[in-house]
Protein chains: 2
Amino acid sequence: MKEKLKEHIEKLIPLTDDEFSFVLSHFSFEKFKKNDFLIQKGKNVKNCYFIVSGLLKLVYEDKNGKQHIVSFAMEDWWESDFSAYFTKTKAKMSLQCIEDTIAFSISLKNYQKLSTELHKMERFFLKKSNSGHIASQNRILSFLTSNAKERYEQLLKQYPLLFQRVPKTLLASYLGVSRETLSRLSS
Amino acid sequence: MKEKLKEHIEKLIPLTDDEFSFVLSHFSFEKFKKNDFLIQKGKNVKNCYFIVSGLLKLVYEDKNGKQHIVSFAMEDWWESDFSAYFTKTKAKMSLQCIEDTIAFSISLKNYQKLSTELHKMERFFLKKSNSGHIASQNRILSFLTSNAKERYEQLLKQYPLLFQRVPKTLLASYLGVSRETLSRLSS
DNA sequence: TTATAATTGTGATGTTTGTCACGTGTGAAT
DNA sequence: ATTCACACGTGACAAACATCACAATTATAA
């Protein structure tokens, strides 16, 4: 488990063993069951999570109670309701397990402490944040340039495994189309 | 001009005068005319820009030659083709002036140097990147939860001034609808 | 000024997508 | 074994949106 986190960080920033021990001391290790909530809308967001294994959905519920999937979170991903996390406000979204999940969590206090005390980690978080931003921009682009069918095919290509792991309803919700339309696209 | 940048940074991170001088030495000051390109697709992306005044569009051109607006950039914004900038690859998007524009630019080398040598600035960039990520996620949410008319009204509410400054065609391209549909929404 | 291009609105029409409804199959729980 | 929730497909219809075409107005440049 520790190795997973270490290898992940070292893809961007090499760390000595002592440095990694220091890093690790800022995290907690947590296990969750299918359907558990890591973040619940309306509540405080204590942590940001690094997913070791499992699968989650970051979900926004609109005024009509309809659920929209902002993101799937899987192995090697960092996820949270970042807006609520960083500004210490109530969650606007929920983060819920689609499968049993193992994760490391870090509180905002520890995130800031770690950033300050180990410069390398601030650099790591910066790089991660930049790639998150770029990934979101690409998703925006897919909405601008592609119709439902094309977005569906892009998703298939990018995450072929996702297909067998999550119900089509959730894929539809991620793609921004109705369940029925997605069903007709597959045929 | 300098004051604009200083005030902007100090909204997040206080700086001494000496520190700000040091920061400033990493930037260049540039002026652009309407229709000028700051970034051109297919070319290298030398800089990230802080917009002092003016208005720009970050545009992606699809395989059919159709243009899609990923973002408008205006006063107090940071903009670039971040993916190409950070990975030193060719631009997939263009950044072009809609109006005459004044900006500070910073090269990747100086961005990294500044981050390393003045810890505060790495923290500043991290905060900026986080808010950029959050803003993009909100835009994704607007595609998931809202139809063209609602997205149009949200845009109006968020940037009322934009309306008089840019042709409707560009607004339509930002919203992901056709020019004609947008025109009919307004009435 | 004059010519030319860009911007905007609007009608007609077709495509895409959403919604409602129904049926079937599957798996989990009692 | 039976019940019940969930997942999935599909038909019928309505709504949203795109595309093509044309006209009028407003910049812009020669």
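Residues numbered from 1 in each chain as written. Chains lettered and ligands numbered in written order. Predicted model: local features only at pLDDT ≥ 70, side-chain atom pairs only at ≥ 80, totals over all residues. Heavy atoms only, no water.

Caption draft 1: Up close: the relation of the copies chain B and chain A. Between chain B and chain A, the superposition needs a rotation of 180° and an axial shift of 0.0 Å, giving an RMSD of 0.1 Å. Viewed as a symmetry operation, the transformation between the two copies matches a two-fold axis. By C-alpha distance to the rotation axis, the residue of chain B lying nearest is H133 of chain B, at 2.1 Å. In this assembly, 100% of the residues forming the interface of chain B have copies in chain A that are likewise at the interface, indicating an isologous arrangement. (Least-squares fit on C-alpha atoms with pLDDT ≥ 70 in both. Contact = heavy atoms within 4.5 Å.)

Caption draft 2: Focus on the interface of chain B and chain A. Listed by partner, the interface residues are 41 residues for chain B and 41 residues for chain A. At the boundary of chain B with chain A, total buried surface from both sides reaches about 3,400 Å², with 64% on carbon and sulfur atoms. Seen at the junction of chain B and chain A, the total is two salt bridges. As a salt-bridge pair, E122 of chain B and R123 of chain A come within 3.0 Å of each other at their nearest N and O atoms. Every element with two or more residues in the side of chain B that touches chain A is listed here: β4 (55-61), β5 (67-74), α3 (82-87), α4 (108-117), α5 (119-145) and α8 (168-175) of chain B. If one sorts the elements of the side of chain B that touches chain A by residue count, α5 of chain B sits on top with 19 residues. Split into classes, the residues belonging to the side of chain B that touches chain A amount to 17 nonpolar, 16 polar and eight charged. (Buried area = accessible area lost by both parts, 1.4 Å probe. Salt bridge = Lys/Arg side-chain N within 4 Å of Asp/Glu carboxyl O. Helix = DSSP H or I, 4+ residues; strand = E, 2+ residues; numbered from the N terminus. Nonpolar A, V, L, I, M, F, W, Y, C, P; charged D, E, K, R; others polar.)

Caption draft 3: Molecular detail of the nonpolar core. Grouped together as the largest cluster of nonpolar side chains are 86 residues, with contacts concentrated most on L5 and V23 of chain A together with L5 and V23 of chain B. Once you skip the residues sitting within four places of it in the chain, V23 of chain A turns out to touch I9, L15, L114, L118 and M121 of chain A. (Core = buried A, V, L, I, M, F, W, Y, C linked by side-chain atoms within 4.5 Å. Buried < 20%, exposed > 50% of the residue type's maximum accessible area, 1.4 Å probe, protein only.)

Caption draft 4: Fine view of the protein's contact with DNA strand C. Taken together, 17 residues lie around DNA strand C, and S178, T181 and R184 of chain A together with K168 and R184 of chain B are the ones closest in. If you look at DNA strand C and keep only atoms within 4 Å of the protein, 39% of those are sugar or phosphate atoms. Between DNA strand C and K66 of chain A there is a distance of 3.5 Å, counted from a phosphate oxygen to a side-chain nitrogen or oxygen. R184 of chain A is positioned with one of its side-chain polar atoms (N or O) 3.0 Å from a base oxygen of DNA strand C. Taken together, the residues that form the surface near DNA strand C break down as three nonpolar, six polar and eight charged. (Near = heavy atom within 4 Å. Polar contact = N/O pair within 3.5 Å; in protein donor to acceptor, adjacent residues only side chain to side chain.)

Caption draft 5: Spotlight on the protein's contact with DNA strand D. Taken together, 18 residues are adjacent to DNA strand D, and K168 and R184 of chain A together with S178, T181 and R184 of chain B come closest. Sugar plus phosphate: this is where 45% of the atoms of DNA strand D within 4 Å of the protein reside. Side-chain polar atom of R179 of chain A to a base oxygen of DNA strand D: 3.1 Å apart, as the coordinates give it. At 3.2 Å from a base nitrogen of DNA strand D is found a side-chain nitrogen or oxygen belonging to E180 of chain B. Those elements that place two or more of their residues in the surface near DNA strand D are α8 (168-175) and α9 (179-186) of chain A together with α9 (179-186) of chain B. Residues of the surface near DNA strand D, tallied by class, amount to three nonpolar, six polar and nine charged.

Caption draft 6: Spatial organisation of the environment of T145 of chain A. Along the chain, T145 of chain A turns up in helix α5 (residues 119-145). Taking the relative accessible area as the measure of exposure, T145 of chain A reaches 23% and is therefore partly exposed. Between the C-alpha atoms of T145 of chain A and S53 of chain A, which are 92 residues apart in sequence, the distance is 32 Å. Filtering out sequence-adjacent residues up to four positions away, T145 of chain A remains in contact with E150 of chain A together with Y60, D62 and H68 of chain B.

Caption draft 7: Just the sheet that holds strand β7 (residues 93-97) of chain B, in detail. All names here are of chain B. As summarised here, the arrangement of the four strands in space is β2-β7-β4-β5, forming an open sheet in which the pairing is antiparallel. If you trace the sheet from one side to the other, it starts and ends with β2 (37-39) and β5, each paired once. The average undirected angle you get between the axes of adjacent strands in this sheet is 30°. Sheet topology note: the β2/β7 ladder contains two bridges and is antiparallel. Bridging from a neighbouring strand, I39 pairs with L95 of β7. Across the sheet, α8 is in contact with β4 and β5; its angle to β5 comes to roughly 105°. (Pairing = 2+ DSSP bridges. Axes fitted to C-alpha atoms, helices over the stretch in contact; angles between N-to-C directions.)

Caption draft 8: How the structure looks around the pairing of strand β8 (residues 101-107) of chain B. Residue and element names in this part refer to chain B. Judged by how many residues are buried, β8 sits mostly within the fold: six of seven residues are covered. In this sheet, β8 lies alongside strand β1 (residues 28-32) in antiparallel orientation, the contact comprising five bridges. Following the sheet pairing, E30 is matched in β8 by A103.

Caption draft 9: Focus on the sheet that holds β8 of chain B. All names here are of chain B. Strand order in the open sheet made by the four strands is β1-β8-β3-β6, with antiparallel pairing throughout. What marks the edges here is a single partner per strand, and that holds for β1 and β6 (78-79). Sheet analysis places strand β3 (residues 47-53) next to β8, joined by six bridges and oriented antiparallel. Among the inter-strand pairings, Y49 is bridged to a residue of β8, identified as S105.

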